[in-house]
Amino acid sequence: MTKNAGGFDRVLRIVLGVALIAWAALFDGPVWAWIGILPLATGALGFCALYTLLGINTCPVKK
């Protein structure tokens with residue numbers, strides 16, 4: 001798994017994931033809000049399988 005999610009992308013995913021999980025757990029949000037686990041995991045790992053399928057890479061290349 002090569003990293004394909006860059007800095008801003010990763011931060012945005014982590015924030016969105018935490019917000020959705022908090023909504024589901026703390027504020028009696030809908031069950032579907034637990035999907036926040038996915039953006040949290042992809043942000044933490046820096047890898048998105050969908051990006052691989054679509055050929056997208058927001059991770060800067062070090063030369």
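Residues numbered from 1 in each chain as written. Predicted model: local features only at pLDDT ≥ 70, side-chain atom pairs only at ≥ 80, totals over all residues. Heavy atoms only, no water.

**A closer look at unusual backbone geometry**
Inclusion rule: We count a stretch as a helix when DSSP gives it H or I for four or more residues in a row; a strand needs E for two or more, and each element gets its number in order from the N terminus. Burial classification: accessible surface area is computed with a 1.4 Å probe over protein chains only, and a residue below 20% of its type maximum counts as buried, one above 50% as exposed, and the rest as partly exposed.
Positive phi is not limited to glycine here, since Asp-28 has a value of about 55°. Note on placement: Asp-28 falls in the loop between helix 1 (7-26) and helix 2 (37-45). Given a relative accessible area of 73%, Asp-28 falls into the exposed group.

**Some points on helix 1**
Threshold: By this rule the span expected of a helix is its residue count minus one, scaled by 1.5 Å.
Compared with the 28 Å implied by 1.5 Å per residue over 20 residues, the 28 Å span of helix 1 between its first and last C-alpha is a close match. Following helix 1 by one or two positions, Asp-28 adopts a phi angle in the positive range, close to 55°.

**Regarding the packing of helix 1 against helix 2**
The axes of two packed helices give the description: the angle between them and the distance between them. What counts, and what does not: Working convention: axes come from line fits to C-alpha atoms, limited for helices to the stretch in contact. Angles between N-to-C directions cover 0 to 180 degrees. We call two directions roughly parallel when the angle between them is under 35 degrees, roughly antiparallel when it is over 145, roughly perpendicular when it lies between 65 and 115, and oblique otherwise. The handedness criterion is simple: a crossing whose near helix is rotated anticlockwise from the far helix by less than a right angle is left-handed, and one whose near helix is rotated clockwise is right-handed. Any two residues having at least one pair of non-hydrogen atoms within 4.5 Å are treated as being in contact. Only Asp, Glu, Lys and Arg are considered charged in this grouping, and only Ala, Val, Leu, Ile, Met, Phe, Trp, Tyr, Cys and Pro are considered nonpolar; every other residue, Gly among them, is considered polar.
Between helix 1 and helix 2, the least distance of the axes is 7 Å, while the angle of their chain directions is 150°. Comparing the axis directions of helix 1 and helix 2 gives the class roughly antiparallel. Crossing hand, helix 1 versus helix 2: left-handed. Between helix 1, through Arg-10, Arg-13, Ile-14, Gly-17, Val-18 and Ile-21, and helix 2, the contact on the second element is made entirely by Ile-37, Pro-39, Leu-40, Thr-42, Gly-43, Ala-44 and Leu-45. Within the contact of helix 1 with helix 2, the residues separate by chemical class into eight nonpolar, three polar and two charged.

Functional significance is not addressed by these values, which are geometric in nature.
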